[in-house]
Amino acid sequence: PHIIFWKIRWPIAARHSLRAYQNEILIMVKSTAAVGAITLVELNAAANEVFEFTYDTFTPLLTAAAIYWTIINIIRYGFDAVDRFLNAGQTRALIK
């Protein structure tokens, strides 16, 4: 029973649940950054501090957006790598 679980059932369950888990993680990261008023206030305060020193308005906001984009893509590429590893033995059907 344990061998069947670890060799057959666990890999199938991991493959099927990985996409749903990836979506939940990405939605959680995106919603906490987009909805959180405290994060927005802190981001604007940091941008205003940089603006006071450099008189550059867009660079701090673009930098924050680039950091956010990088974090999301690192998570997404990590899940894609795990998905490719778990589906390495699977053959893909050709769609005509």
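Participant: How should I be thinking about the overall build of the protein in this particular structure?
Facilitator: Of the regular secondary structure elements, the protein holds 3 helices and 0 strands. Sequence-ordered secondary structure for the protein, helices as α and strands as β, is α-α-α. Looking at the protein as a whole, 15% of its 96 residues qualify as buried. Once local pairs closer than 6 in sequence are excluded, the contacts in the protein between residues at least 24 apart make up 71%. Put simply, the protein shows about 8,200 Å² of open surface, and 70% of that area lies on carbon and sulfur atoms.

Participant: What should I look at first to understand a nonpolar patch on the surface in this one?
Facilitator: Taken together, Ile-4, Ile-8 and Ile-12 make up a surface patch of nonpolar side chains, about 250 Å² in accessible area. Mapped onto the secondary structure, Ile-4 falls in helix H1 (residues 2–35).

Rules behind the numbers
- Residues numbered from 1 in each chain as written.
- Predicted model: local features only at pLDDT ≥ 70, side-chain atom pairs only at ≥ 80, totals over all residues.
- Heavy atoms only, no water.
- Helix = DSSP H or I, 4+ residues; strand = E, 2+ residues; numbered from the N terminus.
- Buried < 20%, exposed > 50% of the residue type's maximum accessible area, 1.4 Å probe, protein only.
- Contact = heavy atoms within 4.5 Å.
- Areas by Shrake-Rupley, 256 points an atom, 1.4 Å probe, with all protein chains shown as cover.
- Patch = residues over 30% accessible without salt bridge, like charges linked within 9 Å, V, L, I, M, F, W, Y side chains within 5 Å.
- Salt bridge = Lys/Arg side-chain N within 4 Å of Asp/Glu carboxyl O.

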